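Inside the fold
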Amino acid sequence: MKIHAMIVEDEQMARKELMYLLTEEEDVALCPSAETGEQMLQLYGEYEPDVIFLDIHMPGISGIEAANHLMNQFVHYPPLFIVTSAYDEYALAAFDMEAVDYLLKPFDELRFQKAMKRLRNQLLQRERKLMEPYVSNTKSGPAKLLIDDGERTAVLSPDMIYYAVPHKRMLEIHTKDRVISSRMTLQELEKKLYGFPFFRPHRSYLVNLNYIKEITPWFNGTSNITLKDMEHIQIPVSRTARKMLFKMFENNH
Amino acid sequence: MKEMTILLFERLGLLLVIAFVLTRLPGFKSLLYREFNLKLSLVHAGVFGLFGMAGTMAGIVIDGETIGQFSFVIGAVEKHQFIVSLSLVAIVIAGLLGGPLVGTGAGIVAGVHLMILGGVGSIANGLVNPLTGLLAGWTARFFSQERVIPPFKALFIGVFPPILHMHLLLIFYPDSNEIVDRIGLPLVLSNSLAIAIFTAMIGIVLKEQENEAAMATRRALTIAEEALPFLKEHHSKEMAAGLSSLLMKRLKLAAVSVTNKQEVLAHTGMGDDHHQTEQSVFPSLAYEAMESKEMKIATTRSQIECKHKNCPFEAAIMIPITEANEVLLLIIFYFRKAHHIRPVELVLAQGLGQLISNQLNILTAEALKFHIRDAELRNLQAQINPHFLFNTLHLIATLFREDPKKARHITVQLAHYMRFNLKLVSNSLVPLEKECDHVNAYMEIIQARFPNQLKITFHAPETIPDVYIPPSTIQPLVENCIQHGLRNSASGGKVEVIIQKQDDHLQVIVRDNGSGFPRELLKQVTNKPLTEHQNGGTGLYNVNQRLISLLGEDAKLHVDNRPAGGSEVFFQIPIEVQTKRGVAL
């Protein structure tokens, strides 16, 4: 699978330089470039690149501000950043936003290769970490879950749960024949289900992998999941999640 | 007794007239100032002794019951006659002013003279003088904190010597009570009063002298102030010539020389036939003065060491002028006679030396401060913004592949830009044409980096006037537009640089169509470095500082927001004055 990269840079020639360097890499697919931080925020939702090559000094909001914005918005699968700058004064800020690397302009080819290597490693690590709960199928934790819906406590086994989605400040937990509303958060549920085959295809959905019937492509690399027994329900899958989903099925089956 | 008193007062009046004339003589004043040593004490004893003799001569001779002789007591008197001497007045003054030694000395002189004159009671008359001198001298010790005894105290002290005199008379000549009766009271009255008046006169003379010292200080101040324009002169010969003619005009001197360590720079006044400029041989005293940085005084011809036989000078004061603890100049005051150097002259010379040295130091410090500040600002300006440099290099790196011709062009522009910045440190003013080249190089690079976001235009007359300008003044203004004014415009930004002639001025205008200056910064941006402000900077402030310090207040930056949006920064420089200054630097 290719690494999707986006360039955020206000200088035309500097964009061209990066484009050139990235097209030389066989495993990189370029998304359209952004010329300002605002434009990046716009384009990100559309393309969800794995990595953003980010210039700091740009008209309007700075690269750092734009990146912080993105990371707050996409907490679950934030993109990776490689900061590109003419000077090293933003190194600390880059460290703060956990950038993969800090490339000084003009780019040194060897240094650029090193940054790409680092990027590949981190993407791999991240994938592994995200898939860990599903890959290692040796389950732990209780076989039954206690879900308090405010009035009574329901006892569920994980394999009864089809999917969960927050709705009006409550968490709706869908089983085959009923919906349980609880005050717990999606994160809390995800934690409780650690080790069971549950996956977040989108920041507000948790799905039982065992009930996935089909994955249908939507637009811009996103997809929808259809579940067994619940064909009327379409669960959105982000582009990043889709990639992982495929990887998971490849590994397990 | 009444006649006797009146007569004595008359005679004392005469004596006081003489004393008054004496105090007016220049020599007398020196008598009051000098430190006491043995030799001088003897001289003073002699002088007051003579004054005492005059007192005796101004006295009268009585003969039994009548006044025997109205005329002055010149020669010896007959055995039965008695001299009523007024010498005690002089002796008391001598004692009070000069102490026991001078008092006794004067007393002895006057006493011996009285004894030689003879007459009744000559031993008592003679003895009372040294005795009085000694006692008056001792009395003076009680008043040592006062320079001159106040007249009232002197009046009181003056009562005692005549009483002592009468006692001695009665001791040595028991049958003289008749004389004592006749002259006792008149003598006490007249003597004490005369002593009081005399002390008052001395007090006046001293006060005059103090006034003179104060005047000298004031004069020194005035002269030092007048000397300021000459001290500002960069050329040492012109400075020396101005200084010497000023001193000559203001002071009563025979001549003035101003030298540096090597040669005479200027000489005004007498002896200019052989005391000429560029003379490089100094008297050893002059070297001593320069070595020790202290004023030296020559009081003989041999000390001046002038080989010329008709040299008119006998005395000189040599005043070293120091700058930063180094002797820079030596000012020599020449006098025709040694006694022309009075204490006042010394005070004046000393004061002038210090004042001129101080002024030189202040001037040097000011000049140094200015240079340091200017160099500092230029250094700041010369620091190439690293973002600019590396972004440009990055641009060139890309252009090698995309457009090799343009890569070459931009490389050359960057070279121009950097070469200018390197030279910035060493030049405080550059021709406007060079400055324009610098701005052009900068603009070309920026334009190549942001071809779609920015349009920079440059309007200048065909031939750029031959004026000089602090280097890197226009470029920071353009940079300011791009960095701040157009900070938030991703496209459609415009920067205009306009250089135009307006009468005898050259106007430089830099404007943009960006966001303009924040209202609260508009007033401050040129007046203080805005380091705390998040969008602030020191660019405009530094440019403004250099424009003002090098071209004057009229060249200062005018900053404003345009009604249609964006900002305008503008300054003007006079065309003519500029050309001259440029050459000098």
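Residues numbered from 1 in each chain as written. Chains lettered and ligands numbered in written order. Predicted model: local features only at pLDDT ≥ 70, side-chain atom pairs only at ≥ 80, totals over all residues. Heavy atoms only, no water.

1. Topic: the pattern of salt bridges
The tally for this structure, following the rule as stated, stands at 18 salt bridges over all chains. The residue Glu25(A) makes a salt bridge to Arg120(A) at a minimum N-O spacing of 2.8 Å. In this pair, Glu25(A) is assigned in the loop between α1 (12-23) and β2 (28-30) and Arg120(A) in helix α5 (residues 109-135), connecting sequence segments 95 residues apart. Judged by relative accessible area, which is 27%, Arg120(A) ranks as partly exposed. One salt bridge in this structure joins Arg373(B) and Glu376(B), with 2.8 Å as the shortest N-O distance. One end of the pair, Arg373(B), and the other, Glu376(B), are both in helix α11 (residues 343-382), three residues apart, so they sit about a helical turn from each other. For Arg373(B), a relative accessible area of 31% corresponds to the partly exposed category. A residue is classified by how much of its surface remains accessible, and Glu376(B), at 41% relative accessible area, is partly exposed. (Salt bridge = Lys/Arg side-chain N within 4 Å of Asp/Glu carboxyl O. Helix = DSSP H or I, 4+ residues; strand = E, 2+ residues; numbered from the N terminus. Buried < 20%, exposed > 50% of the residue type's maximum accessible area, 1.4 Å probe, protein only.)

2. With respect to helix α2 (residues 37-47) of chain A
Residue and element names in this part refer to chain A. Those residues of α2 not exposed but buried are Gly-37, Met-40, Leu-43 and Tyr-44. Along the long axis of α2, the arc covered by the buried residues comes to 115 degrees, so they all point the same way. In this structure, the buried residues of α2 make contact with β1 (3-8), β3 (51-55) and α3 (63-73). Positive backbone phi, at 40 degrees, marks Glu-48, one or two positions downstream of α2. (Arc of directions from axis to C-beta. Contact = heavy atoms within 4.5 Å.)

3. Looking at the sheet that holds strand β15 (residues 567-574) of chain B
Two orientations exist for strands paired in a sheet by backbone hydrogen bonds: parallel and antiparallel. Residues and elements named next belong to chain B. Read across the sheet, five strands follow the order β10-β12-β13-β15-β14 without closing on themselves; strand pairing throughout is mixed. A strand with exactly one partner marks an edge of an open sheet, and here the two such strands are β10 (454-459) and β14 (558-561). For this sheet the average axis-to-axis angle between neighbouring strands, irrespective of direction, equals 15 degrees. As defined by bridge partners, strand β12 (residues 493-502) adjoins strand β13 (residues 505-512) across eight bridges and the pair is classed as antiparallel. (Pairing = 2+ DSSP bridges. Axes fitted to C-alpha atoms, helices over the stretch in contact; angles between N-to-C directions.)

4. With respect to the interface of chain A and chain B
Counting residues at the interface gives 21 residues for chain A, matched by 22 residues for chain B. Summing both partners gives a buried area of about 1900 Å² for chain A against chain B, and 56% of it is carried by carbon and sulfur. If you sort the residues of chain A by the area they bury against chain B, Glu11(A), Met13(A) and Pro106(A) come out on top, with a joint share of 28%. The closest approach of N and O atoms between Glu17(A) and Arg401(B), which form a salt bridge, is 3.0 Å. Taken together, the links from chain A to chain B amount to eight residue pairs in polar contact (both at pLDDT 80 or more). Counting residues per element, the side of chain A that touches chain B draws most heavily on α1(A), at six residues. Partitioned by chemical class, the residues of the side of chain A that touches chain B number ten nonpolar, five polar and six charged. (Buried area = accessible area lost by both parts, 1.4 Å probe. Polar contact = N/O pair within 3.5 Å; in protein donor to acceptor, adjacent residues only side chain to side chain. Nonpolar A, V, L, I, M, F, W, Y, C, P; charged D, E, K, R; others polar.)

5. Considering the confidence of the model for chain B
Fine structural detail should not be taken from predicted coordinates in areas where pLDDT scores are low. Residues and elements named next belong to chain B. Per-residue confidence for chain B gives a mean pLDDT of 83, with 92% of residues at or over 70. Low confidence marks residues 577-585, where pLDDT is under 50. Its contacts with residues over four positions away, or in another chain, come to eleven contacts. The ipTM, which scores confidence in the relative placement of chains, is 0.71 for this predicted complex, and the corresponding pTM is 0.60. (pLDDT = per-residue confidence, 0-100.)

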